[in-house]
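Structural characterization, general
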Amino acid sequence: MKGFNFHSVKNVKEAKKLASGKSAFLAGGMTTIPAMKLRLASYSDIIDIKNIKDLSGIKVSSKSLKIGATTKHAEVAASKEVKKAISSLAHLADGIGDPQVRNRGTIGGSIANNDPAADYPAACLALNAIIHTSDRKIVSDKFFKGMFETALKKGELIQAVEFQVPDKSCYVKFPNPASRYAIVGVYVAKYKKEVNVAVTGVESAVFRCKKIESALKSNFSSSAIDGVKISSSGFNSDIHASSDYRAHLIKVLAKKAVAGCK
Ligand SMILES: Cc1cc2nc3c(=O)[nH]c(=O)nc-3n(C[C@H](O)[C@H](O)[C@H](O)COP(=O)(O)OP(=O)(O)OC[C@H]3O[C@@H](n4cnc5c(N)ncnc54)[C@H](O)[C@@H]3O)c2cc1C
């Protein structure tokens, strides 16, 4: 690990002031610290945001669920408010990594990192999330840009993620048996006027599967997905799953998610 300056900040203003093109925010450190130790990344300044009180916590209203950026996966998984408002989101958080990762990793760190196989980006797209940052509000359709790439500008801090409460929803993933990252994960959310189907683990970044969405819009049932054709062109292919297998899994998991919607 290369040398760096360490700052522990107490508010967003202080964090923003210290941020530069060569700095990184430290939330759970589950990605940043291994990347630094392996010398895959190096920074002049590490800005620890864990002590900013306003960044943590869960707020529920009838229409939305707002989760502070430094809220840990284990807190989301255990929250009675999350379970009541969007139980699929608590289930998703409970399936991330292992207990160590869930007790350190944060929702803000997860979506800022935008790993192509991460779970929360699928929740953001399916649940029409709004990303509240230090500078603006970003709709999730415009947030996830590509592999490990987001709409965040240098030094822009995620403060909270606000999910729109659906009528019903379900997230199903086929996890990598070692890391629990999604080989494929499908999040289905049904609203009065729309059905959102978000897929992770399959391309360089999370995406909405419009073909399944339109099949479900006219007939919200697992059988409606039977006739949908998913081309594997451009899909990830690796030692865990070929692109064709991933295409197959999208339909299998989408059917399971529709059946499991509550
Ligand atoms: C063994 C292992 C297994 C895992 N399994 C899964 C899994 O099954 N599913 C899954 O989805 N994820 C998984 N993860 C990822 C994990 O859940 C974390 O969410 C992720 O590593 C990043 O979160 P963090 O809080 O640790 O962020 P950090 O490592 O602290 O930061 C990551 C990046 O985000 C930036 N950042 C952090 N917070 C903010 C903020 N508020 N605003 C702007 N930028 C910010 C940092 O500058 C850095 O670039 C796994 C990780 C490990 C190590």
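The rules we used
- Residues numbered from 1 in each chain as written.
- Predicted model: local features only at pLDDT ≥ 70, side-chain atom pairs only at ≥ 80, totals over all residues.
- Heavy atoms only, no water.
- Near = heavy atom within 4 Å.
- Polar contact = N/O pair within 3.5 Å; in protein donor to acceptor, adjacent residues only side chain to side chain.
- Areas by Shrake-Rupley, 256 points an atom, 1.4 Å probe, with all protein chains shown as cover.
- Helix = DSSP H or I, 4+ residues; strand = E, 2+ residues; numbered from the N terminus.
- Nonpolar A, V, L, I, M, F, W, Y, C, P; charged D, E, K, R; others polar.
- Domains from an automatic or database assignment.
- Core = buried A, V, L, I, M, F, W, Y, C linked by side-chain atoms within 4.5 Å.
- Buried < 20%, exposed > 50% of the residue type's maximum accessible area, 1.4 Å probe, protein only.
- Contact = heavy atoms within 4.5 Å.
- Pairing = 2+ DSSP bridges.
- Axes fitted to C-alpha atoms, helices over the stretch in contact; angles between N-to-C directions.
- Phe/Tyr/Trp six-rings, centres within 6.5 Å; stacked < 30°, edge-to-face > 60°.
- Arc of directions from axis to C-beta.

To continue, consider the site of the ligand. Taken together, 30 residues form the shell around the ligand, and within it M30, T31, T106, D119 and R180 come nearest. For the ligand, an oxygen atom lies 2.9 Å from a polar atom in the side chain of H73. Coverage of the ligand by the protein amounts to 88% of the 970 Å² it exposes when considered alone. Take the shell around the ligand: its biggest share by element is four residues, from helix α7 (residues 107-113). Grouping the amino acids of the shell around the ligand by side-chain chemistry returns 14 nonpolar, 12 polar and four charged. Residues lining the shell around the ligand come from more than one domain, with at least three contributed by each of domain 1 (1-48) and domain 2 (168-260).

Considered domain by domain, the chain is made up of domain 1 (1-48) and domain 2 (168-260). Computed from C-alpha coordinates alone, the two centres of domain 1 and domain 2 are separated by 34 Å.

Nonpolar side chains tend toward joint burial in soluble globular proteins. One finds L89, I111, Y120, L127, F163 and Y187 to be the most contacted residues of the largest nonpolar core, which totals 37 residues. At the level of elements, β5 (64-68), α3 (73-78), α5 (87-94), α7, α8 (120-126), β10 (158-164) and β12 (182-190) are the ones that each hand at least two residues to this core. In terms of residue count, α8 provides more of this core than any other element does, six residues in total. Leaving out residues up to four positions away in the same chain, Y120 has contacts with H73, V76, L89, L92, A93, I96, I107, S110 and I111. Membership of the second largest hydrophobic core comes to 29 residues, among which are A215, A247, L253 and V258.

This part covers the sheet that holds strand β3 (residues 45-48). Here we have three strands laid out as an open sheet, ordered β1-β3-β2, and parallel in their pairing. Single-partner strands in this sheet number two, and they are β1 (5-8) and β2 (23-26). Within the sheet, the average angular offset between the axes of one strand and its neighbour, ignoring direction, is 20°. Direction of pairing for β2 relative to β3: parallel, over a ladder of four bridges.

Following the criterion strictly, the structure yields four aromatic pairs and no others. Aromatic side chains F143 and F144 sit 4.9 Å apart centroid to centroid with 80° between the ring planes, which places their arrangement in the edge-to-face category.

This part is about helix α9 (residues 210-218). An α-helical turn contains 3.6 residues, so a residue and the one three or four places further along point in the same direction. Those residues of α9 not exposed but buried are I212, E213, A215 and L216. The buried residues of α9 occupy one face: seen down the axis, they fall within an arc of 165°. The exposed set on the far side of α9, more than 90 degrees from its buried face, consists of K210, K217 and S218. In this structure, the buried residues of α9 make contact with β12, β13 (195-200), β14 (207-208) and α10 (243-260).

For the rest of this paragraph, the subject is the sheet that holds strand β4 (residues 58-60). What the five strands build is an open sheet, ordered β4-β5-β10-β6-β7; its pairing is antiparallel. For this open sheet the edge positions go to β4 and β7 (137-139), each flanked by a neighbour on one side alone. Strand-to-strand twist of the sheet, defined as the mean angle between neighbouring strand axes without regard to direction, takes the value 20°. The sheet contact formed by β4 and β5 spans three bridges and is antiparallel. Counterpart to V60 in the pairing with β5 is L65.

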